[in-house]
Amino acid sequence: MTVDAPKAPTLKGPKARAYAAAARRAEKRKAEEELDLVRWEVEEVIEKQLLPYRSVRLLKEACYKRKVYHHQDNGRITFTPEDIRMENARTQIVPIAA
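Residues numbered from 1 in each chain as written. Predicted model: local features only at pLDDT ≥ 70, side-chain atom pairs only at ≥ 80, totals over all residues. Heavy atoms only, no water.

Draft legend 1. Representation of the pattern of salt bridges in the model. Inspection of every chain in the model, using the stated rule, returns 5 salt bridges. Across the pair Arg76 and Glu41 runs a salt bridge whose closest N-O atoms are separated by 2.1 Å. With a gap of 35 residues between them, Arg76 in strand S3 (residues 76–79) and Glu41 in strand S1 (residues 40–41) connect regions that are remote in the sequence. The partly exposed category is assigned to Arg76, whose relative accessible area is 48%. On the accessibility criterion, Glu41 (30% relative accessible area) is partly exposed. For Arg90, the salt bridge is made with Glu87, and the minimal N-O distance between the two is 2.5 Å. Of this pair, Arg90 and Glu87 both sit in helix H4 (residues 81–90), 3 residues apart, which is roughly one turn of the helix. Since its relative accessible area comes to 45%, Arg90 is described here as partly exposed. (Salt bridge = Lys/Arg side-chain N within 4 Å of Asp/Glu carboxyl O. Helix = DSSP H or I, 4+ residues; strand = E, 2+ residues; numbered from the N terminus. Buried < 20%, exposed > 50% of the residue type's maximum accessible area, 1.4 Å probe, protein only.)

What follows is the structure, given as structure tokens:
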């Protein structure tokens, strides 16, 4: 004899919408947390055009000269989303107020 587990009640109305919204927020927060763990290599940064460099060699040389925010993990140059944000903020040009 097997006993079937009772099914969860289906929600309707405002409670269902609130529950769905909370689930979407939790999913978005989880995706953002996972994105912070991503590390891009120099080739990926150039391919995705995350920084204003056009060649791998120029970006590597800028990293060697410590002109660009980056990490050196075991001798490999990598970039986190925070590195990309800081570098874009550093090179931002503010318009002159007229």
